[in-house]
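Single-letter residue listing:
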Amino acid sequence: MRDKIYFLADAHLGSKSHGDSIETERKLCRWLDSVRDDAAVIFLMGDIFDYWYEYRYVVPKGFTRLLGKLGEMTDSGIEIHFFTGNHDLWLTDYLSKECGLILHLEPYITELKGKKFFLAHGDGLGDDSRSFHLLRKLFHSKFLQKCFSGIHPRWTIPLAHTWSNSSRESGGVVPYLGEDREHLVRFAKNKLKVIPDINYFIFGHRHVLLNLPIAEQSRVIMLGDWITLFSYAEFDGEGVELKQFL
Ligand SMILES: [Mn+2]
């Protein structure tokens, strides 16, 4: 019976962090196969691709297995959501039209089986460092994206990969900093003051595993990654559980 809800983030497919990125992609497809019989909804929570840049008529090479698998699963009636991360935010409608994914470019608040969820990749939330926000602003600028699109990808794609590898969160994953210093935990606690009935905050981005209660009825979940942890979260209507796919 399809009654479970799954969350997964930060596969960074195409990244040099993977010994063999295609092998990771195969593993991700095996995971999708393993949940397809009981998944009602799957949330891919950002940075699935290490770099994705969609042109009007062209998309990047690669990821054939995953894109095919996602298309096959949405065709079979499974709802799959795709959040942009900070590595794959430059998309338009290819993944929705071709693969049937529901795209989210912003955090998304939703009710699932009677619980309220706040879902986001997590970049930029609760982090008020100025350089980070400037960069984020540049990356999200429609004008700059238009300029960038006009340059032949022969020049921009290698540049982007260099950027991505140097900016890598995973280059040295910062271990969990504790409740008071984690931007996303602070963000969740503040959000809860405004929307007190959120039961779960689910984030990617940090590449660490966390399942932390922050109030009587509220928890923060960090999804780990698909580089070394191969982790995901499963919600069965009762609680959210972090698991690893081996
Ligand atoms: Mn990220």
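See the structure printed just above.
Conventions used here
- Residues numbered from 1 in each chain as written.
- Predicted model: local features only at pLDDT ≥ 70, side-chain atom pairs only at ≥ 80, totals over all residues.
- Heavy atoms only, no water.
- Pairing = 2+ DSSP bridges.
- Helix = DSSP H or I, 4+ residues; strand = E, 2+ residues; numbered from the N terminus.
- Axes fitted to C-alpha atoms, helices over the stretch in contact; angles between N-to-C directions.
- Contact = heavy atoms within 4.5 Å.
- Phe/Tyr/Trp six-rings, centres within 6.5 Å; stacked < 30°, edge-to-face > 60°.
- Buried < 20%, exposed > 50% of the residue type's maximum accessible area, 1.4 Å probe, protein only.
- Lys NZ or Arg CZ within 6 Å of the ring centre and 35° of its normal.
- Salt bridge = Lys/Arg side-chain N within 4 Å of Asp/Glu carboxyl O.
- Donors = N, O, S within 2.8 Å, 3.2 Å for Na, K, Ca; no water.
- Patch = residues over 30% accessible without salt bridge, like charges linked within 9 Å, V, L, I, M, F, W, Y side chains within 5 Å.
- Areas by Shrake-Rupley, 256 points an atom, 1.4 Å probe, with all protein chains shown as cover.

A. Expanded view of the sheet that holds strand E7 (residues 200–203). Taken together, five strands build an open sheet; the order of strands is E5-E6-E7-E9-E8 and the sheet is mixed. Strand pairing shows two members of the sheet lacking a second neighbour, strand E5 (108–112) and strand E8 (209–215), which therefore form its edges. Geometrically, the sheet is characterised by an average inter-axis angle of 20° between neighbouring strands, direction not taken into account. Relative to strand E6 (residues 115–120), E5 runs antiparallel, the two being bridged by five bridges. Along E6, the bridge assignment pairs Glu 111 with Lys 116. With respect to the sheet, helix H7 (residues 183–194) is in contact with E6, E7, E8 and strand E9 (218–223), its orientation differing from that of E8 by roughly 30°.

B. Molecular detail of the packing of aromatic side chains. Counted by the stated rule, this structure contains 28 aromatic pairs. Seen in terms of ring centroids, Tyr 53 and Tyr 55 are 5.0 Å apart; in terms of plane orientation they differ by 50°. Their pairing is tilted. We note that Tyr 53, like Tyr 55, is buried. Grouping aromatic residues by their ring pairs yields a cluster made of Tyr 6, Trp 31, Trp 226, Phe 230, Tyr 232 and Phe 245. Over the face of the ring belonging to Phe 230 we find Lys 27, whose NZ or CZ atom lies 3.8 Å from the ring centre.

C. Quick peek at the pairing of E8. Pairing analysis gives six bridges linking E8 to E9, with the strands arranged antiparallel. Along E9, the bridge assignment pairs Leu 212 with Val 220. In sequence, E8 turns back onto E9 through a hairpin of two residues.

D. Structural context of the pattern of salt bridges. As enumerated under the stated definition, the model contains 14 salt bridges in all. Residue Arg 136 is joined to Asp 123 by a salt bridge in which the shortest nitrogen-to-oxygen separation is 2.9 Å. You can see Arg 136 sitting in helix H4 (residues 130–140) and its partner Asp 123 sitting in the loop between E6 and H4, a full 13 residues away along the chain. With a relative accessible area of 29%, Arg 136 lands in the partly exposed category. Accessibility expressed as a relative area gives 7% for Asp 123, which makes it buried. The closest approach of N and O atoms between Lys 243 and Glu 234, which form a salt bridge, is 3.0 Å. Since its relative accessible area comes to 26%, Lys 243 is described here as partly exposed. You can call Glu 234 buried: its relative accessible area is 9%. Salt bridges sharing partners connect three or more residues here, namely Lys 4, Asp 38, Glu 234 and Lys 243.

E. Seen up close, the coordination of the manganese ion. Around the manganese ion, the donor atoms from the protein are Asp 47 (OD), Asn 86 (OD1), His 121 (NE2) and His 205 (ND1), and they sit 2.0 to 2.4 Å away. Look at where the donors of the manganese ion fall in the sequence and you get D-x38-N-x34-H-x83-H. Taken together, the residues span a long stretch of sequence, with Asp 47 in the loop between strand E2 (39–44) and helix H2 (64–75) and His 121 in the loop between E6 and H4 at a distance of 74 residues.

F. A look at a nonpolar patch on the surface. A contiguous nonpolar patch, built from Leu 134, Leu 135, Leu 138, Phe 143 and Leu 144 and spanning about 490 Å² of accessible area, is present on the exposed surface. Contributing elements (two or more residues each) for the nonpolar patch: H4 and helix H5 (142–150). Looking at the nonpolar patch, the element that brings in the most residues is H4, giving three residues. Tracing the sequence through the fold places Leu 134 in helix H4. Looking at Leu 134, the relative accessible area reads 53%, which means it is exposed.

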